[in-house]
Structures are given as C-alpha cells and as structure tokens.
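Listed here are the chains, written in short residue letters.
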Protein chains: 2
Amino acid sequence: MSDRKIRNMEEFAAVSGISRPTVSKYFNDPASVRASTREKIETALKEHDYRPNIFAMNQNRKLTKNLGIVVPYLADPFFAGIARRIEDLVISAGFRPILLSSHGDAKLEVENLDSLLSIKPAGVLLAPLGRISDTAAIERFCREVPTVNFDANIDGVGEAFVGHNNAQATEMMLEYLTRTGEPPAFFEMKSPPNPNANKRRTAYVETMERMGHTPHVIQAEGEGWDIEEIGFREGARVLSQDSLPSRTVFCSNDRLAIGFLAAAYEAGIKVGLGDDCVLRVAGHDNHPFSRYTCPTLTTVSHNYSAIATKSVETVMAMIESGERAPERNSTLFDGELIMRASA
Amino acid sequence: MSDRKIRNMEEFAAVSGISRPTVSKYFNDPASVRASTREKIETALKEHDYRPNIFAMNQNRKLTKNLGIVVPYLADPFFAGIARRIEDLVISAGFRPILLSSHGDAKLEVENLDSLLSIKPAGVLLAPLGRISDTAAIERFCREVPTVNFDANIDGVGEAFVGHNNAQATEMMLEYLTRTGEPPAFFEMKSPPNPNANKRRTAYVETMERMGHTPHVIQAEGEGWDIEEIGFREGARVLSQDSLPSRTVFCSNDRLAIGFLAAAYEAGIKVGLGDDCVLRVAGHDNHPFSRYTCPTLTTVSHNYSAIATKSVETVMAMIESGERAPERNSTLFDGELIMRASA
DNA sequence: TAAATAAATTTACGCGCGTAAAATTTAAGA
DNA sequence: TCTTAAATTTTACGCGCGTAAATTTATTTA
C-alpha cells in the first residue's frame with residue numbers, strides 16, 4: 001500500500017489510469033464498466049486504499065444506497081433478531097442499513113421516519129408500533145419513500161405487507177393443544193400494543209367456535225411494552241383467584257407467557273405435560289428466551305428468515321423498478337409448532 | 001404551512017429575510033445568531049418546513065454531528081438497553097447516533113468501524129467484543145476518530161474507559177453469599193468472549209483467598225455468544241455429575257445463570273433460599289430477564305445510567321475541546337446488589 | 001453622542017462527486 | 001478489413017452548503 005494519500009476521485013482516477021467519470025461509474029456499479037477497466041481500478045484500489053466520499057456521493061445521486069429499518073422495540077430480542085437478518089440481507093444487496101428503534105414511543109417512531117427522510121433512503125422497511133402509531137404521519141412518509149411494512153400490518157402503511165400468518169399459527173396450536181389435552185383459555189393483554197394480538201384473539205375465538213368449544217379470553221390489564229411484567233402480575237392474579245376456565249392456557253405471545261410461567265412458579269403451580277402437572281401453558285413467537293423458561297415453552301415460531309427475505313426482496317424490487325406497486329399486497333408465512341415441555 | 005417547496009438554503013434564506021451565510025450559522029448553532037435573527041428564522045421554519053441537506057452539510061463541515069455507537073451484540077437485551085440510554089443522551093446533545101452491532105463477529109466489528117469512518121463521525125462510543133477483537137485494527141481507528149471505550153476494557157482502545165467495577169461487585173456478592181450461607185463456587189465460561197469475565201474470576205479467587213476460603217472455579221466448555229445454551233448444557237453436566245464443591249453457585253454473568261437455572265429446573269433441583277432448597281444461584285449484570293427466571297435471579301446490577309452518562313460526557317468533552325486526552329483514564333462505577341429469590 | 005464591539009451581510013470560492021453531451025477509442029461481428 | 005455497437009474519455013456544469021474576508025449595520029459601553 002502506497003503512503004501517498006488519495007484525497008478525491010480525481011486523484012484516484014489519475015493513479016489508476018482511468019478517467020474520473022468512468023471511475024464514478026465503477027463505484028456506482030462495478031459491472032457497468034469493461035472487465036479490463038474494472039481490473040485496473042481494483043488494482044489501484046488495493047494499492048491506494050481510496051474510498052469515495054459518501055456525502056458527496058449521496059448529495060448528487062438521485063437514489064442513495066441507504067435503506068432504513070425501523071423496529072418498534074429493539075430491546076426485545078425478537079426484533080433484534082429479525083433486524084439482524086434483515087441487515088445482513090440489505091448489506092449483501094449492496095445497501096447500507098440504517099437501523100432505528102421506536103422504543104415503544106409513537107412520537108419517536110415519527111421522528112425516526114423524519115430522520116430517515118433527511119438521508120434520502122432508497123427504501124424503508126418498517127415494523128410499526130401498531131395501535132398507538134401515528135398512522136397519518138406514517139402514510140405521509142410512505143408517499144415520499146418506497147416502504148415495505150412488516151411484522152405488524154397497518155392498512156395504508158407501505159406498498160406491501162410481509163408477516164406472520166397469525167390465523168394459521170393460532171389454529172395449529174389450538175388443534176395441537178386440544179388433541180393432546182383440552183381446549184385452552186386465551187391469555188392476552190387488554191390493550192395490546194401490537195395488531196398481531198387482535199388477529200390472534202379473533203383466530204382463537206373463531207377456531208374454538210368452529211371446533212364446538214366455548215372460547216374463554218382472559219384479558220390482562222396494563223399498558224406499554226413491559227410485557228413480561230404484565231404477564232407476571234396479571235398471571236399471579238388469575239392464578240391466585242383460581243378462576244381459570246381451563247387447565248390449559250394459550251398466551252397471546254411468548255413474553256406474556258414468560259411472565260405467566262414465572263407467576264406459576266412462584267405460586268408453586270407445576271406447569272407441563274407430566275402427571276404431576278396441573279397446568280399447560282403455550283406461547284406464540286418462539287422468542288429467543290422461550291428455550292430457557294421453566295419449563296421450556298411450547299410455542300409457535302414465525303418463519304423469520306422467509307419474512308426477512310421476502311421483505312428485503314420486495315423493497316429491492318420497488319427500488320429497482322423505480323415504481324410503486326399497483327396495489328398493496330400482503331404475504332403471510334405459516335408458523336411452525338415448537339413443542340417443548342410446557343404444553 | 002405554505003405549499004411552496006423550499007429547495008435549498010438559498011430559497012429559505014430569501015423567505016426568512018436573512019442572508020444565507022447567517023442561516024447556515026444558525027443551523028450550525030442557533031445560539032450563535034442574534035435573538036431577533038433567530039426568531040425570524042424560526043418563524044420562517046414553521047411556515048416552510050425546510051431542513052438543510054444533511055449530505056451537503058457534512059461534506060463541508062470539518063466536524064459532522066454523527067456519533068457512532070458500536071456494541072458487540074445487539075440481540076442481547078443488556079446491550080440493547082444500554083445502547084438506548086446512550087442514544088437518548090447523544091440526541092439530547094444535538095448529535096445523530098449511528099448504532100451498529102458487531103453480532104459477536106470480530107470481522108464485522110472492524111467493518112463497522114470502517115463504515116463509520118466513511119461518515120466522518122465526530123466521535124465514537126465503542127463497546128468492543130473483547131478477547132477476539134482485532135485490537136490492531138481498532139487502535140488504528142482510534143487514532144483517526146475520538147473514541148471512548150465502554151463496557152469491556154481493552155488497553156489502548158480509545159482515549160478513556162468507562163465501565164462497571166467488576167472487582168467491587170464481585171466482592172460485594174461474595175460477602176453477601178458467604179454471610180447468609182456458604183462460600184460459593186464460581187461458574188464461568190472457559191473461553192469467555194468478554195474481558196469482564198476475567199476480572200470477575202480474578203476478583204473471585206482473590207476475595208475468596210482473603211476471606212480464608214478455597215476458591216472453586218467451574219469452567220464451561222463452549223465458544224461464542226449463545227451463552228444461555230452453554231450455561232444450560234454445562235450446568236446440566238455439572239449437576240448430573242453431582243460434582244459441585246459448594247451448594248452455592250456464583251455465575252460469571254446472568255445469561256450463564258439463566259441457562260444454569262433452566263438446567264437445575266429440568267434436573268428437579270430446587271434453587272433458592274427456602275428450607276426445601278438445595279442450591280443457591282447468583283448472577284452478575286442484572287440482565288432484563290433475570291427478573292423472570294425461576295426462581296428470580298439474585299444478581300449485581302451495573303450502574304447503567306452512570307456508565308451511559310459518563311461515556312457520553314467524555315466523548316462530548318473530547319469533541320468540544322478538539323484534543324485528545326493527555327492520558328487514558330478509566331472510570332468504574334460500583335455495582336448494586338439485587339436480592340431476589342435464587343440466593 | 002461618539003466610540004467600541006458584536007452581529008449580519010455581501011461576495012466569492014471550494015468541497016467531492018453525479019451526470020449529460022459530444023468526441024473518441026475499443027471490441028465484436030460480418 | 002470494414003461496419004457497428006459498446007465502452008470510454010473529454011468537457012463542462014451543477015448539487016447544496018461551509019466558510020473566509022471585507023463591508024455594513026446594530027447594539028452596547030463610556
């Protein structure tokens with residue numbers, strides 16, 4: 001590596017023996033220049049360690065290579081995990097991922113989109129907060145930037161939706177629980193922050209009725225994203241009142257189930273499949289920590305990689321074609337039953 | 001709000017009745033212009049919704065308002081939590097946080113720094129991977145950009161270190177466990193990815209010896225960041241062999257403890273303080289999930305907010321003064337005992 | 001009220017790169 | 001070898017803003 005510092009593309013073009021506009025073209029798309037030219041540039045690149053100024057590039061490019069990723073709550077390992085998959089795919093597509101978390105706050109969600117606007121992203125992958133989201137502000141954003149909505153569906157948000165098939169997943173778990181024991185009660189938050197919760201409740205009620213059973217929905221009080229805490233507190237209340245309509249409890253999501261299991265443990269109630277167990281508990285999401293609950297949590301997994309892949313593919317297609325989809329279509333991926341010890 | 005679109009600072013200066021260089025100065029620092037001028041600009045701002053082009057700004061500014069935050073593993077809620085605190089502080093200091101995760105991969109850690117370099121950050125807050133980090137590459141980066149090292153200390157990385165007082169925290173927990181029961185064995189990873197682990201082991205051994213007890217270190221095989229899994233697998237092995245030298249186990253960190261507790265549960269071993277319990281287990285970190293283990297985990301909390309605040313203050317001081325510290329100094333904040341049910 | 005100081009304006013240039021148009025060279029095919 | 005299309009080079013301009021120097025205007029102090 002030469003010690004002479006290259007200050008700009010002009011100088012780099014000089015040392016590589018190629019004109020600056022062609023070098024510019026190379027950095028825009030290496031495949032767009034002749035193989036012999038590409039080689040010359042790449043040889044010079046190894047010698048001189050030059051990199052185009054990202055600000056000057058983006059100032060003039062009609063389309064930046066920035067791609068925003070907004071998740072509702074990054075401290076939730078569930079979202080951290082899916083964000084990571086998406087980041088990897090975005091990088092290998094040659095884009096620069098900008099990961100932002102809304103931290104459960106609708107105002108911050110809009111601020112994040114606002115902040116993204118200022119870096120002219122080529123596209124955005126948005127997992128909205130849901131119920132509390134400022135839908136009008138988000139829609140305004142989506143008119144400016146090609147956006148794909150994932151995880152939590154909000155009508156009108158983004159050109160497409162990619163998510164988890166809550167209906168199929170709920171039905172599958174219900175079938176399993178009923179077949180191997182008894183029809184479960186459904187434990188959920190009274191005001192769930194996420195719209196998936198509503199889909200799951202609806203699917204629970206409808207499937208139960210179709211199966212000829214009476215649905216029992218237990219609603220936990222509490223707001224916000226401290227979901228384990230709500231599951232624990234309300235779980236303890238329900239268990240102490242001994243008011244459960246079924247000895248099987250299907251929690252709306254794993255974080256609620258994690259809290260519920262902790263409450264059961266503390267109450268000395270043995271959960272699981274064994275003869276000495278008095279309760280079965282199931283969750284939904286295959287949360288990273290569901291493998292380490294006591295007992296380990298039976299749950300339904302999202303098809304994370306399919307959702308990540310499809311989301312990225314969809315936004316990339318929009319970016320490349322340069323046009324919006326004629327109609328908003330949604331893709332749902334089926335869940336997978338994860339059988340563990342709790343049910 | 002007017003419907004006329006403002007395209008650049010020139011046009012915005014025109015509608016606000018102020019010259020463009022003064023407007024530029026305002027955006028650089030609103031306090032640097034006369035109050036009457038500031039008002040005029042802010043009135044126009046409300047009317048016309050203009051925002052300076054961030055790329056054009058950063059291209060010419062000697063110092064951008066970007067501030068990099070690099071954590072080793074964002075899917076760990078521990079790091080997600082501390083990253084969030086730091087982000088908040090950075091934003092309120094008027095900077096734009098760029099959060100990147102190394103995902104446990106040393107190559108990605110260097111790539112992250114490399115990527116930050118291209119956006120000319122004013123400073124960087126780096127929590128390095130630790131043992132596997134490419135120290136030489138990181139040091140090279142630190143010579144270019146004012147960097148503060150936090151969480152895991154690596155000599156030579158950054159101008160300062162801010163972290164947790166592992167020695168004090170370990171000693172405090174040891175004192176508690178010994179006073180209320182018996183001296184614990186120490187459960188850790190054989191090849192811990194994080195240097196804090198080494199500090200904790202050393203503190204354990206030294207304190208035990210000072211107290212007149214024989215230290216017992218149990219080392220779990222296994223590499224990488226799937227720490228709960230390692231704690232579970234190796235915990236199960238240790239418990240099945242019935243080879244524990246003490247009925248109290250002090251885990252090097254909470255994630256290991258979470259796995260260990262799951263193993264104890266599965267082995268039917270009752271953990272806690274009650275008369276019917278045969279084992280006490282303690283952790284270290286006050287991981288967000290340590291409140292929901294079975295039983296709830298007794299642990300030591302970092303002083304998260306102090307660490308975040310001091311880290312941000314330190315890097316801000318470096319940025320403002322424009323000079324590097326004459327010597328690298330480290331600040332350690334004491335831990336706090338979190339007494340729960342497991343010990 | 002004049003002088004001293006601070007702030008704002010005018011003028012002018014540069015940052016590093018994208019990109020368009022026209023001229024030229026290169027590679028591929030008949 | 002000639003034709004043709006593709007790739008490259010030359011030339012030239014613009015993006016939106018930072019910033020320096022000189023000048024003018026406003027505010028504060030004596």
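In case you missed it, the structure is sitting above this.
Anyway, here's the lowdown on the structure attached to this text.

What counts as what
- Residues numbered from 1 in each chain as written.
- Chains lettered and ligands numbered in written order.
- Predicted model: local features only at pLDDT ≥ 70, side-chain atom pairs only at ≥ 80, totals over all residues.
- Heavy atoms only, no water.
- Helix = DSSP H or I, 4+ residues; strand = E, 2+ residues; numbered from the N terminus.
- Polar contact = N/O pair within 3.5 Å; in protein donor to acceptor, adjacent residues only side chain to side chain.
- Contact = heavy atoms within 4.5 Å.
- Expected span 1.5 Å × (residues − 1).
- Buried < 20%, exposed > 50% of the residue type's maximum accessible area, 1.4 Å probe, protein only.
- Least-squares fit on C-alpha atoms with pLDDT ≥ 70 in both.
- Near = heavy atom within 4 Å.
- Nonpolar A, V, L, I, M, F, W, Y, C, P; charged D, E, K, R; others polar.

## What about the side chain of A:Asn153?
Residue and element names in this part refer to chain A. Mapped onto the fold, Asn-153 is located in the loop between β4 (147–150) and β5 (160–164). Here Arg-328 takes part through its side chain, which lies 2.9 Å from a polar atom of the side chain of Asn-153. When neighbours within four sequence positions are excluded, Asn-153 is seen to be in contact with Phe-161, Pro-195, Lys-199 and Arg-328.

## Observations concerning helix α11 (residues 254–266) of chain A
Residues and elements named next belong to chain A. If you check α11, its first and last C-alpha atoms are 18 Å apart, about what 13 residues at 1.5 Å a residue would give, namely 18 Å. Within α11, 11 of the 13 residues are buried, leaving the element largely enclosed by the surrounding structure. By the burial criterion, the buried members of α11 are Asp-254, Arg-255, Leu-256, Ala-257, Ile-258, Gly-259, Phe-260, Leu-261, Ala-262, Ala-263 and Ala-264. On its buried face, α11 is in contact with β6 (185–189), α10 (227–241), β8 (248–251), β9 (280–282) and β10 (299–301). At the exit of α11 stands Gly-268, carrying a positive phi of roughly 75°.

## Notes on the relation of the copies chain B and chain A
Taken as rigid bodies, chain B and chain A are interconverted by a rotation of 180° and an axial shift of 0.0 Å, the fit giving an RMSD of 0.1 Å. The operation mapping one copy onto its partner corresponds to a two-fold rotation axis. For chain B, the smallest separation between a C-alpha atom and the rotation axis is recorded for B:Phe55, amounting to 2.3 Å. Comparing interface residues between copies, 98% of those in chain B also lie at the interface in chain A; the contact surface is shared.

## Some remarks on the protein's contact with DNA strand C
In the vicinity of DNA strand C lie 28 residues, with A:Met9, A:Ser24, A:Tyr50, B:Arg34 and B:Asn60 positioned nearest. Counting only atoms of DNA strand C within 4 Å of the protein, the sugar-phosphate share comes to 68%. Between A:Ser24 and DNA strand C, the recorded distance is 2.4 Å, taken from a side-chain N or O atom to a phosphate oxygen. A distance of 2.7 Å is found between a phosphate oxygen of DNA strand C and a side-chain nitrogen or oxygen belonging to B:Thr37. For the surface near DNA strand C, the elements supplying multiple residues, two or more each, are α2 (20–28) and α4 (54–60) of chain A together with α2 (20–28) and α4 (54–60) of chain B. Looking at the surface near DNA strand C residue by residue, the classes come out as 9 nonpolar, 13 polar and 6 charged.

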